[in-house]
Amino acid sequence: MDDPKVSPLSKHPTLRTPSSSSSSSASSSSSSSSSLLNLPPNMSRSSLDLETLTPSRHIDRMINSNHYQSPSRTIYSDRFIPSRSGSNFALFDISTPTNSPGDGGREDHSSAYATLLRAALFGPDAGVVPPVTPEKRSLPMSPPSRNIFRYKTETRRSMHSLAPFGFDDNVPGVNHSPVKTPRKVPRSPYKVLDAPALQDDFYLNLVDWSSHNLLAVGLDNCVYLWNACSSKVTKLCDLGIDDSVCSVGWAQRGTHLAVGTSNGKVQIWDASRCRRVRTMEGHRLRVGALAWSSSLLSSGSRDKSILQRDIRAQEDFVSKLSGHKSEVCGLKWSYDNRELASGGNDNRLFVWNQHSTQPVLKYCEHTAAVKAIAWSPHLHGLLASGGGTADRCIRFWNTTTNSHLSCMDTGSQVCNLVWSKNVNELVSTHGYSQNQIIVWRYPTMSKLATLTGHTYRVLYLAISPDGQTIVTGAGDETLRFWNVFPSPKSQNTESEIGASSFGRTVIR
C-alpha cells in the first residue's frame, strides 16, 4: 500500500461502472475489483464512488469549473448583468417578464409615461394594432414604418415644431401652444424735444398727454402744448414772474387742462381756445399733484391736504381730505372713478373713496416718498406704487381685499409708473442712480427692456392716447419719445410709429 508505484488510476485506467451486465457478473466483478484495490481496513468498496474517479469527469470538472458551484464558497464574476425588474418592455412591444405582486405599483406608475413616450417616438398609432384582414393573415405583423434614427435632410421648421411631442394634440397632459418670441422694444427714442427750464424737482408733475393727442409741458412759469400729429407748438399761458408751474393735468375728455401753481392756486384752461376758464384757491402752498375724475378735480399740495373740486360748482372745493403728514406728491383716480390713491413725502400710500374725508386704506410699507402711483386697467383694485431713493421698490396692492401682493426692488429711485392699456405690462422711470426706463411684464415682473439716454433723473412720464408711446422728461431738459407697447390690434408686431419723424426739435 505504501509503494509509490501502485496507483489505481494508472494501473487500471479502464475501470468504470458497467453499463449492461447481469447481477451475478456485477457481483463477481465487484469482488474481483475489491481484490485489485488496496483499501484501508475501515473502508468498504460500496463507499467508494468510481464515477467521481473517472479521469474524463475529472478533466471536465476542471474545464467547466466556472459552471460548477461549490456549496462551500461563493462564485464571483467580472460580468455585470443589470437587473431588468425596472425595464419597460411594453414600450417596444416586447413581452414583459412576469413580475412579483410587489411590482404592480411600478407598472401602474409607468403605464402613463410609456403611452406618452411611445406616442412621442413612434407616433400616435404606434400602440394600435390594425385589424388583420384575410389577405394579411399569412403575413407577419410589422410595426409602423418609422425609423427615428434615419438620416434625412433637415428643412426649416418653426419653433413649435421643435417641441419634444410634435404637433399631436391627442397626447394627454401636454400643452401644445407655441412659444411666443419675446417682443422687441426699440432701445432708442424716435423723437427728442428740447425742453429748456424743465425743472429737476422730484415732487412736481409737469408733463401730461391728452386724449386729443396734445402734450402739455410746464416750463418754468409757462405751459406749452405740443401737437403729436402736426408737431406744432403752442404757448398756452404765462403765469408771470412771481409764479411758476408745479403740475399739469388733462381732463378725461381732453379739452380742459388744470394747472397747479407755486402760489397754491389751480387754474382751469380751455385748450381749444387758449383761454382761462377759472382760478380756484384753497391751498396755502404749491400744488404739485392733480388728478381728474369726470368733472371732479383733486389737487394735492405741500400743505399736506387734498382738495376735491367740482368745476361745475361755484365753490373752490367741495371737500378736504386730511391724513398725510407731509407734501402730497402723487395722485391717481382708478379707472372706474371710485377710488383715489395718494402718495406723500411721509412715505405713506392712502386710498380714499368718493365720499370719505379720511383714508379707507393705509399702506406704510414704503421707506421713502411715494410719488409713483398707477392703477391697473386690466384688473379691478390692482394698484402699483413706487418709493424714492431710500426705498427703490415697486409694490403691488389689492385694494379690494386690502392685501399686499408683491414687492420688486428696482435698485434705484422710482419716479413714475404707468400701465399699458393694450397688454398687461407697465413702465417705470428711475432716478438715482441709473436714470433708466424699464418695461416690465406683469405679474412675473420680468424685464422686457431697459432704456437709457437721459443723463438726469427721469422725473416725468406720460402715455399716448393709443397706448403705444410714452414720453419721458428729465432734468437734462429733454423730452424723449419711445415706442414701448404694441397696438391693441397687433400685439406681436413691432410698431414703426414715429420712425419717419426722428429728430430733435425745441418745444418752445
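See above for the structure.
Attention here is on the structure that accompanies the text. (Residues numbered from 1 in each chain as written. Predicted model: local features only at pLDDT ≥ 70, side-chain atom pairs only at ≥ 80, totals over all residues. Heavy atoms only, no water.)

## Considerations on the sheet that holds strand β20 (residues 393–398)
In plain terms, the rule: Between any two strands, at least two bridges found by DSSP are needed for them to pair. Here a helix means four or more residues in a row that DSSP labels H or I, a strand means two or more in a row labelled E, and each is numbered from the N terminus. As a rule, the C-alpha atoms of each element are fitted with a line to give its axis, helices using only the stretch in contact, and angles between N-to-C directions run from 0 to 180 degrees.
As summarised here, the arrangement of the 4 strands in space is β18-β19-β20-β21, forming an open sheet in which the pairing is antiparallel. This sheet does not close on itself; its edge strands, each paired only once, are β18 (370–375) and β21 (403–409). Between one strand axis and the next, the sheet turns by 20 degrees as a mean value, whatever way the strands run. Across 5 bridges, strand β19 (residues 382–387) lies against β20 in antiparallel orientation. Note on β20: the bridge partner recorded for Leu383 is Trp397.

## Considering the pattern of salt bridges
Worth spelling out the cut-off: Each reported salt bridge corresponds to a side-chain nitrogen of Lys or Arg within 4 Å of a carboxyl oxygen of Asp or Glu.
Under the defined criterion, the tally for this structure stands at 11 salt bridges. For Lys235, the salt bridge is made with Asp238, and the minimal N-O distance between the two is 3.5 Å. Among the salt bridges present, the one from Arg392 reaches Asp409, with a minimum N-O distance of 3.8 Å. Of this pair, Arg392 sits in the loop between β19 and β20 while Asp409 is found in strand β21, placing the two residues 17 residues apart along the sequence.

## Some words on the pairing of β21
It is a general feature of regular strands that their side chains alternate between the two faces of the sheet. Pairing between β20 and β21: 6 bridges, direction antiparallel. Residue pairing for β21: Trp397 is matched across the bridge by His404. Hairpin remark: β20 followed by β21, antiparallel, with 4 residues in the connecting loop; positive phi at Asn402, about 55 degrees.

## A few points about the packing of aromatic side chains
For clarity, the cut-off: When the centres of two rings from Phe, Tyr and Trp lie within 6.5 Å, Trp using its six-membered ring, the rings pair. Their planes under 30 degrees apart give stacked, over 60 give edge-to-face, and anything left gives tilted. Residue burial is assigned from relative accessible area. The probe radius is 1.4 Å, only protein chains are included, and a residue is buried under 20% of its type maximum, exposed over 50%, and partly exposed in between. Geometrically, a charge over a ring is one whose NZ (Lys) or CZ (Arg) sits within 6 Å of the ring centre while staying within 35 degrees of the ring normal.
In this structure the tally under the stated criterion is 9 aromatic pairs. Ring centres 5.3 Å apart and planes at 90 degrees place the aromatic pair Phe202 and Tyr203 in the edge-to-face group. By relative accessible area, which is 21% here, Tyr203 ends up partly exposed. Each member of the aromatic cluster is reached from another via a ring pair, and the members are Tyr190, Trp209, Trp226 and Phe481. Its end group placed over the ring of Phe350, Lys362 keeps NZ or CZ at 5.9 Å from the ring centre.

## Some points on the environment of Ser231
What counts is decided by this rule: We call two residues in contact when some of their heavy atoms are within 4.5 Å.
Among the structural elements, Ser231 can be located in the loop between β4 (222–227) and β5 (233–238). Between the C-alpha atoms of Ser231 and Ile507, which are 276 residues apart in sequence, the distance is 9.1 Å. Apart from residues lying up to four places away in sequence, Ser231 is in contact with Lys191 and Trp226.

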